[in-house]
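Reading the structure
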Amino acid sequence: MARMKFYCDAERCIECNACVTACKNENEVPWGVNRRRVVTINDGVPGERSLSVACMHCSDAPCATVCPVDCFYTTDDGVVLHDKDICIGCGYCFYACPFGAPQFPEDGAFASRGKMDKCTFCAGGPEEDNSADEYQKYGSNRLAEGKLPLCAEMCSTKSLLAGDANVVADIFRKRVVKRGASVLNKGVSYQNASLRASSVGKDK
Amino acid sequence: MSNRFMSKHSQKFTCQIYFFLYLIFFLCLLSPLNVSASGPAASKINNPSNDLWISVRHNTESGKVTSQVKSVDSTVLINPQADRWTRFRMTQLINYGLFILSVVAVVIMLFYLFRGRIKLEEGLSGIMVHRFTDYERILHWMLAIVFIFLAGTGLILLFGRPLLIPVLGHEFFSVLASASKEGHNLFGPIFFVSLLLMLFRFVRRNIYAKGDLTWLLKGGGLIGKSHVTGGFFNMGEKTWYWIVILTGLAISVSGLVLVLPNFGQGRVIMELSHVVHGIAAIILVSVSFGHIYLATKGTEGTLESMKTGYVDIKWAEEHHDRWAKECHDNDRLISAEDYAKLQGRVVLDQNVSASPLMEETK
Amino acid sequence: MKLRKVSEQVVVEDAQTSLESNATTSSGNAVSRRTFLRNSGVMAGGASIVSAGFGLGMMKKAEAKEVEKGATTQVRTICSHCSVGCGIMAEVQNGVWTGQEPAFDHPFNKGGHCAKGAAIREHGHGERRLKYPTKLVNGKWKKVSWEQAINEIGDKMLEIRQQSGPDSVYFLGSAKHNNEQAYLFRKFAAMWGTNNVDHQARICHSTTVAGVANTWGYGAMTNSFNDIHNSQAVLLIGSNPAEAHPVALQHIMKAKEENNAPVIVIDPRFTRTAAHADHYLKIRPGTDVPIVWGMLWHIFENKWEDKEFINQRVYGMNDIRKEVAKWTPEEVEKVTGVPENQVYAAAKAMANHRPGTFIWCMGGTQHTVGNNNTRAYCVFQLALGNMGVAGGGTNIFRGHDNVQGATDLGVLANTLPGYYGLSSGAWKHWSGVWDLDYEWVKGQFDGGSYEKKKDKDIHVMNTKGIPVSRWIDGVLEEKGNIAQKDNVRGMIFWGHAPNSQTRGKEMKKAMEQLDMLVVVDPYPTVSAVMHDRTDGVYLLPAATQFETYGSITASNRSIQWRDRVIEPLFESSPDHTIMYKLAKKLNISEQMFKNIKVENDEPLIEDITRELNNGLWTIGYTGQSPERLKKHQKNWGQFDYTTLKAEGGACDGDYYGMPWPCWGTAEMNHPGTPNLYDTSKSVADGGLTFRARFGVERDGVNLLAENSYSKESEIKDGYPEFSEKLLKKLGWWDELTAEEKQLAEGKNWKTDRSGGIQRVAIKHGCSPFGNAKARAMVWTFPDPVPIHREPLYTSRRDLVEKYPTYEDRKSFWRLPTRYESIQAKDYSKDFPIILTSGRLVEYEGGGDETRSNPWLAELQPDMFIEIHPRDANNANIKEDDDVWVATPEGARVKVKAMITRRVEAGVAFMPYHFGGVFEGKDLRSKYPAGSDPYVLGEACNTAMTYGYDSVTQMQETKCSLCRISKV
């Protein structure tokens, strides 16, 4: 069975935020909820790198472990989804997730957060596939149509990959080899190749 | 180690075996074969981005981390505390919490079975003394009821998944849990306010006084039949009071942090608050079992103090001798007749008590 | 590496397997995921409670109304944001735009987008759109009918015309019009009788077009984004594609990863592009020529130049050598701030890795010396022999989605469509194309003359109009100082925002002084709110490019066809329909639409395409007929990812979009020219030479190419441009057909409307426009050899004497233009920080459109200024503080401080997309109800100062001075 995963190639991510808006577009995600976000480390200095992060669809999902009402489930593809009808909006999954994937539409006093919303790998939810109910609650179900998450499909530099973990790993492995090989072909050490950062000379 | 089942020779041999096992264990710890948790296997070519990604893994990035998405913790790529918190809640808090609560409940039940109700040595006399004002009683019951509600809803949220879902099913439990969560969040601040009022009202009577340590060392007289001394509140009640106040404050403060996420506090603060809240709550609930038992079934004459505000003088002399003496000295005793009038009852004769509607007849 | 739809993502078979095992189909035979929950751990008791409905009562699912699912139509269109021209698959159901699929087949983006492209479907929501024609009455917005609006606007225009002449109405057009609309707009201005027509190119790449065209013939991107796959080195100066053209990075990274191409970024800021570069050179804003000459110094010093190429195809390189010799490493470091080792490394990288491509954008163009900068870049590539080769070239990334098209179609104050200029010959050519009497066209103009050439009066029809960068001076300047009859009194902002032009305070005054202000746009734009007018403002809702159809030209000169996605929303109308209505009111519609069919007030787009096909011979917009364009659109996937060529299929042999020049008529079936000036291919197959535009000989030096010619060229040397005379001389004239001869008699390759001259020239392997040398020295420009001049507002007073700016001019593009009188004053003490501006990936242009898109607006809620920690500490400013940014001309803006090391100490950066706040005052309430964008902010250009390019009047927005203080 294919296990679905995301992978973001930090060498190529340019923080164009297409993945963020593509997700909003496809799933009509309201203002204030961001299923996907791009984080930039070392912002503004040599060594700056960006990563696009949303739900990682963990094999051993901590959100599913901690949920007081056990509203999560993992599909056969390895996609971690949850049932908004069961969710009570307690926020524990948000604490448990190392990546901060769960989002809440409200931010009120007395912890009235509303139902948790998160990246579904464009696989909808427990409602019937591609039904109006499913779309209204969870967004699009592209997996049921044989497609892949729109964030990865619309990535400008193809840095965000999504799909069968084996295929994704294979693509990335080939990329790294090609990056390294193209360097070695020219007789330059790999050290200077993949993480090209600052300029040749020192700054004044 | 003394052991009836082994000969001295085999005991020595066993000791030697254990010694060597410990030695091997310690050597393994020191062995360079032990792969460290953080770094990858040593390689000839270093990936120059090693340091960067290691710092990301541990959320210790040194440079500026930004994101155009501006929500709580949006710039935290990986929160290493998340996993620890999850495991704490799902293994330690739930398991140990359940264990502690069960053990305390069982111990109390066993105590009742073996020891029975602690009756007054000299029995009830009928002569009463005023102990708690109306305000104090209302305050106590408000706090108590709110506490029981919070404890109940809290325990539903904590233990519901392993214990209740198998019985009730996901959909019904979700309704119950959602109601519990809303109720718990709503009444929490009320608990906090009541707790503060409780604190101000009773704090002076709960300050440590001479004789309290003795009371404690003698187990409050529960074990054995030694005599213990106490003031308005004895050491037992004082201990309970301070447990309530301290754990209650811990619960309230951490609870406020949890229930008001609109100040943008990060997840690490929330997780910490939850840990404090959970541990303090388990402690408070388990000790409350003791208080509730003792205040109701456990000792004769205690419940009346909170139900009516008055206690029997004999009860006072046995449990709070110094306060009883004060009442004697200040002539605060109320005869049975006067007490009945207070209650709105008229005593026609010793055996009959009539309702207030009947006229007093002589 | 060719990217296939499935291999980069998931293998479809696996997905199918998972589909089968879940047995999910849209027809509803679903094993739904609910089953999982029902089956897990529910005992009989629980289940019965559930089924009794007790539990579900409080958790009632929302019941969405089941709409009869209409069939989904897929519509192919092109993103309307930037000039990369990414393909879009729109999904429409029941006339509603419900989905957006990646266009995996499209050769430019392979389905990829940036944040804006990925959010395009929001145009179908249009919640903050201008919904109906609106008029400002007594300070309040009032809804009016189209008829009333057109009538009132038309009447006012005619009144202004009668009192002050046609030049008093300004037609500001748009880079967002499609080609047909842009062409129609230029024609509109011509029919009305004015050259006061312009669009965004003026303030974007006008210096590029002028500088580059005057170097080798055409002023456009020479290769393509896809061609960068062949580059062995990539140099970017003043260009930040990570934010401005993100999909371009798909191609640049391919070169970087597969060719190990060094990426060199030269920019005052450490941009997101620089983060992926191998070499980063931090220059002081405004020192482009020094840094390029600095690199060239090392190239000449080490004899890395391509001598053969220079001898054969370049004129004037020795003049360049003389100038470059002055730019020693010490001088370069003194002026730009870049140390020798970095300059050397960059030069060596480009020299050792050829062919390398040279990319620039606004960082290089928006200066008073913009035309110097762009020519220096060209000279650099000529010196290395990087021109006319795959992987080389000057890859100029244009801005808006159709700025290339609008530029080509002449929405400019200094030319008619196709860069024909404004001479009487040009007017006669176009009058012929328009099928109108030349005298009638001339008669539409004001009969006066306000400029002289060699003591001879020039008719106003043949003089350059006022450029958009100076329209406010057309209003505010003394009447006698302007080279036209009267001031500008009526202003039409047709698809153009005001906050992309400088001197916002004066613009506010100018807007208030106008007789009438008309805005035609899908959004109100800042024009609706930045002034304090109470009357005389009209807002007409235009439809977006997704509510109409037509062709657009991407930066690489490919022409793409858009289909209509949805009908115009609310009461909006496509631009060409509005033009027809207005033209009809002004009594010029008969002439304007003589050969264009009009149905229900909407002109037929294809007829317009055919008309422009019939006229733009100069740049080869003639072969791309509607039929060929539509065919290309339907067969996106058949074009090769790197070469853009179709092998087999319906478009066999064509290059995608038939990049211009696509010579001759459509029947000739020229494939288009993917890389300009490439002599390794025959002209018939998309090859080209440098244009013979500047004469045959100068000072005894041959200006034509020497021993360099296209593959299969029968003339094995340089040759001048083709005309009837030249054909006759060569003995090829009789190869024209009789009909062709009729039209070609007395004409040349530009004016022969039969296309025969071009056809025959190409048949013999020759470029119709000649085969000449590129000129490194442009003798007609203020600085024939590009030199450095300090910006008008400079902090380096020590360099002003050695590198002064130009002298003031009394009349330049009809207006007095100042240079040295501004530079003479020293502002550096009071305004010590260099201010520069640029783009953000989430927003585009003036910004009302993108700030009205909630998916984008959420990502950039605040206007800000980037300040270095040192400057922040000096002014006691902390992150997120509100600060005043004041500039020397008296304007100031209130923005949030962002403290970052992206900029160096002494330099600050502001994005220019915000608007709706003016000098601290929030203008949200002034927008028509429901049309205010979600995010408002100060416009950077409110504070940006005076400064205009010495050839094109491009505004200097990349280097001014400012003072930043805490609020």
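Now for a quick tour of the structure. (Residues numbered from 1 in each chain as written. Chains lettered and ligands numbered in written order. Predicted model: local features only at pLDDT ≥ 70, side-chain atom pairs only at ≥ 80, totals over all residues. Heavy atoms only, no water.)

**Details of unusual backbone geometry**
All names here are of chain C. In plain terms, the rule: The way it works is that DSSP assigns letters per residue, a run of H or I at least four long becomes a helix, a run of E at least two long becomes a strand, and they are numbered from the N terminus.
Residue Arg 354 is joined to Pro 355 through a cis peptide bond whose omega torsion reads 0 degrees. With respect to the helices and strands, Pro 355 occurs in the loop between α14 (340-352) and β12 (356-360). The amide bond that connects Trp 660 to the next residue, Pro 661, takes the cis arrangement and shows omega of 5 degrees. Mapped onto the fold, Pro 661 is located in the loop between α25 (626-634) and β23 (697-698). Positive phi is not limited to glycine here, since Glu 919 has a value of about 50 degrees. Relative to the elements of secondary structure, Glu 919 occurs in the loop between β33 (916-918) and β34 (921-922).

**A look at the sheet that holds strand β4 (residues 134-137) of chain C**
Residue and element names in this part refer to chain C. Here is the rule: Paired strands, in this sense, are two strands between which DSSP finds at least two bridges. In this analysis, two residues are considered to be in contact whenever any of their non-hydrogen atoms come within 4.5 Å of each other. Angles here are taken between N-to-C directions and fall from 0 to 180 degrees, while the axes themselves are lines fitted to C-alpha atoms, restricted in helices to the stretch in contact.
Strand order across the open sheet formed by 7 strands is β5-β4-β18-β17-β16-β6-β7, with mixed pairing between neighbours. Either end of the sheet is taken by a strand with one partner, and the two such strands are β5 (140-143) and β7 (197-198). Two strands pair when backbone bridges link them, and strand β6 (residues 169-172) and strand β16 (residues 490-494) are joined in this way by 4 bridges, in the parallel orientation. Residue pairing for β16: Tyr 170 is matched across the bridge by Met 491. In the packing of helix α6 (residues 179-192) onto the sheet, contacts are made with β6, β7 and β16, and the angle to β6 comes to roughly 170 degrees.

**A look at the sheet that holds strand β2 (residues 87-93) of chain C**
Residue and element names in this part refer to chain C. Judged by pairing direction, the sheet is antiparallel, and its 3 strands sit side by side in the order β1-β2-β3 without closing on themselves. Of all the strands in the sheet, the pair left with one neighbour each is β1 (72-78) and β3 (96-102). Across this sheet, the average inter-strand angle for adjacent strands is 30 degrees, counted without regard to direction. Two strands pair when backbone bridges link them, and β2 and β3 are joined in this way by 6 bridges, in the antiparallel orientation. Paired with Ile 88 across the bridge in β3 is Pro 102.

**What to know about the environment of Val29(A)**
With respect to the helices and strands, Val29(A) occurs in the loop between α1 (18-27) and β2 (37-41). Spatially, the C-alpha atoms of Val29(A) and Leu148(A) are 18 Å apart, while their sequence positions differ by 119 residues. Setting aside anything within four residues of it in sequence, one finds Val29(A) in contact with Cys23(A), Lys24(A), Arg35(A), Asp117(A) and Trp855(C).

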